[in-house]
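Inside the fold
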Amino acid sequence: MPSSSARGHLRRVARFGFTARPPYSFALTVRKPAGWHWLTPGEVWDDAAGTLFTGLRLDDGLAVGVKAWGRGTVARPRVVVEAFAARVLTAAERRALKRTLRRALDVDADISGFVRLAARDAVLKRIARPLHGMHEGFGGGLWPLLILAVTLQMAPIKRSMTMLHALLDHYGQRLRFDGRSVRLWPTPARIAAAPLRELKARCKLGYRARVLKAIARQLLAGFPSLEELKRMSPEQATEKLQELYGVGEYSAAMVTPHVSFPLDVWSVQIFARLFGIRIPKDRDPRALIPRVARAAERRWGAWRGLALVYVLNALDQLGEKS
DNA sequence: GCGTCCAGGTCTACC
DNA sequence: GGTAGACCTGGACGC
């Protein structure tokens with residue numbers, strides 16, 4: 001009888017348990033109310049079991065299926081992760097996987113300062129309770145974040161999702177494990193090698209096809225990892241990211257591992273209304289970005305990045321349209 | 001059905 | 001250094 005991996009299915013190769021710093025909600029962290037994915041678009045959430053099936057790629061290129069679920073409570077939280085792969089992990093891969101999951105789950109972050117801020121802030125206290133324990137925890141790595149930032153540029157969200165899913169369907173990799181199927185992001189090498197016209201036509205990317213290929217080539221030529229960007233000063237990391245073709249202020253703010261407050265033409269209007277800043281009808285809302293960003297920094301300081309995530313995941317409660 | 005407009009930015013040429 | 005204009009595509013809208 002053929003082994004499960006011989007049929008294209010991955011087998012279980014590791015199991016990790018993480019103790020998270022409370023307050024921590026696994027479900028809210030990996031499955032945000034606004035519908036954003038944790039590691040890869042189209043990951044599978046089993047609502048009855050509270051279990052997420054998703055996947056990632058290690059730095060050496062090994063594809064890993066990830067099954068994760070929460071244990072305990074928001075006040076005494078734990079996360080269990082099972083990893084699936086086509087072969088046994090080396091000790092180095094095992095360590096790298098654990099480190100990546102730990103960072104992506106955000107289990108070590110202490111958000112008690114944010115909880116105290118949210119209790120006294122007029123905007124946050126309207127939304128914080130149902131989101132109690134939600135961490136940023138947006139994973140996937142530098143390249144997936146760059147793909148996301150580029151596909152969000154100059155496009156309504158529906159079109160951005162069309163582009164993302166087409167990229168995963170045509171250039172990504174499908175993983176089958178534990179009876180589920182998920183898609184992994186395409187590699188930079190795959191996008192760099194794809195013919196421009198084909199990439200453009202298949203994924204409806206328009207000018208972004210050229211941008212993604214340029215970024216993929218820059219990454220392949222050598223670029224700091226998220227960990228290395230984190231070790232730089234926030235200014236240095238932003239400057240480095242903006243060396244990538246097609247990455248401007250907004251995209252760099254989306255991708256940087258430092259505290260940031262990425263504002264675009266849509267979100268700047270939401271935060272302007274929340275801060276009581278008048279939006280002139282005859283001016284491009286983008287002109288308000290520096291002013292709204294300063295207001296967020298004054299109001300929320302180092303917690304402004306998490307505050308942004310909370311607000312964008314609670315637009316209904318705030319009377320804003322998503 | 002058809003034409004027009006413009007979006008959840010960024011780069012480049014031009015002044 | 002500041003600022004139009006171009007960039008892809010497809011959904012929304014007016015007719």
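In this text, all values refer to a predicted model and were calculated from it rather than measured experimentally.

Points about the pattern of salt bridges
Pairing between side chains of opposite charge can happen when the charged atoms of each approach one another. Enumeration according to the criterion identifies 14 salt bridges in this entry. The salt bridge involving Asp-46 is made with Arg-180; its shortest N-O contact spans 3.2 Å. On the criterion of sequence distance, the pair formed by Asp-46 in strand β2 (residues 44-46) and Arg-180 in strand β7 (residues 180-184) is long-range, its members being 134 residues apart. Given the relative accessible area of 28%, Arg-180 is considered partly exposed. One salt bridge connects Asp-178 with Lys-67, and the closest N-O pair in it is separated by 2.9 Å. Of this pair, Asp-178 sits in the loop between β6 (173-177) and β7 while Lys-67 sits in strand β4 (residues 63-72), and the two are 111 residues apart along the sequence. Given a relative accessible area of 17%, Lys-67 falls into the buried group. One network of salt bridges, with partners in common, ties together Arg-12, Arg-15 and Glu-82.

Section: the confidence of the model for chain A
Regions with low pLDDT should not have their predicted coordinates read in detail. Counting all residues, the mean pLDDT for chain A is 94, and 97% of those residues have values of 70 or more. Across residues 1-6 the pLDDT falls below 50, and counting only partners more than four positions away or on other chains, this stretch makes six contacts in the model.

Side note on the domain arrangement of chain A
For chain A, the assigned domains read domain 1 (11-126), domain 2 (141-258) and domain 3 (259-322). Each of domain 1 and domain 3 was reduced to a C-alpha centroid, and the two centroids are 27 Å apart. Domain 1 puts 13 residues into the contact, and the matching count from domain 3 is 13 residues. Both faces considered, domain 1 and domain 3 share a buried interface measuring about 1200 Å² in area, 69% of it formed by carbon and sulfur atoms. A salt bridge links Arg-299 to Asp-121; the shortest N-O distance between them is 2.8 Å. Joining domain 1 to domain 3, the criterion identifies three residue pairs in polar contact (both at pLDDT 80 or more). Looking at the side of domain 1 that touches domain 3 residue by residue, the classes come out as eight nonpolar, one polar and four charged.

A short note on a positive patch on the surface
Together, Arg-278, Lys-281, Arg-291, Arg-294 and Arg-298 give the surface a local cluster of positive charge. Turning to its location among the elements, Arg-294 is positioned in helix α13 (residues 289-300).

A few points about the protein's contact with DNA strand C
In the region of DNA strand C, the neighbouring residues are Met-154, Arg-159, Lys-200, Lys-204, Gly-206, Tyr-207, Arg-208 and Arg-210. Sugar and phosphate atoms constitute 72% of the interface atoms of DNA strand C, taking the interface as everything within 4 Å of the protein. Interatomic distance of 3.0 Å between a backbone N/O atom of Tyr-207 and a sugar or linking oxygen of DNA strand C. One of the side-chain N or O atoms of Arg-208 is found 3.0 Å from a base oxygen in DNA strand C. Of the residues assigned to the surface near DNA strand C, the class counts are two nonpolar, one polar and five charged.

Remarks on the packing of helix α5 (residues 157-171) against helix α7 (residues 196-203)
Relative orientation and spacing of two packed helices are given, respectively, by the angle between their axes and the distance between those axes. It is at 8 Å that the axes of α5 and α7 come closest, and there the two elements cross at 125°. Considering the angle they form, α5 stands oblique to α7. For the pair α5 and α7, contact is made by Met-163, Ala-166, Leu-167, His-170 and Tyr-171 and by Glu-198, Leu-199, Arg-202 and Cys-203, respectively. The residue makeup of the contact of α5 with α7, split by class, is six nonpolar, one polar and two charged.

A short note on the pairing of strand β5 (residues 77-85)
Judged by how many residues are buried, β5 sits mostly within the fold: eight of nine residues are covered. With eight bridges connecting them, strand β1 (residues 9-19) and β5 associate as antiparallel partners. Pairing of Phe-18 across the sheet is with Val-79, part of β5. Bridge count for β4 against β5 is eight bridges, and the pairing is antiparallel. Considered in β5, the bridge of Gly-72 is made with Pro-77. Connecting the antiparallel pair β4 and β5 is a turn made up of four residues.

Reading the values: rules and limits
- Residues numbered from 1 in each chain as written.
- Chains lettered and ligands numbered in written order.
- Predicted model: local features only at pLDDT ≥ 70, side-chain atom pairs only at ≥ 80, totals over all residues.
- Heavy atoms only, no water.
- Salt bridge = Lys/Arg side-chain N within 4 Å of Asp/Glu carboxyl O.
- Helix = DSSP H or I, 4+ residues; strand = E, 2+ residues; numbered from the N terminus.
- Buried < 20%, exposed > 50% of the residue type's maximum accessible area, 1.4 Å probe, protein only.
- pLDDT = per-residue confidence, 0-100.
- Contact = heavy atoms within 4.5 Å.
- Domains from an automatic or database assignment.
- Buried area = accessible area lost by both parts, 1.4 Å probe.
- Polar contact = N/O pair within 3.5 Å; in protein donor to acceptor, adjacent residues only side chain to side chain.
- Nonpolar A, V, L, I, M, F, W, Y, C, P; charged D, E, K, R; others polar.
- Patch = residues over 30% accessible without salt bridge, like charges linked within 9 Å, V, L, I, M, F, W, Y side chains within 5 Å.
- Areas by Shrake-Rupley, 256 points an atom, 1.4 Å probe, with all protein chains shown as cover.
- Lys, Arg positive; Asp, Glu negative; His and termini not counted.
- Charge placed at Lys NZ, Arg CZ, Asp CG, Glu CD.
- Near = heavy atom within 4 Å.
- Axes fitted to C-alpha atoms, helices over the stretch in contact; angles between N-to-C directions.
- Parallel < 35°, antiparallel > 145°, perpendicular 65-115°, else oblique.
- Pairing = 2+ DSSP bridges.

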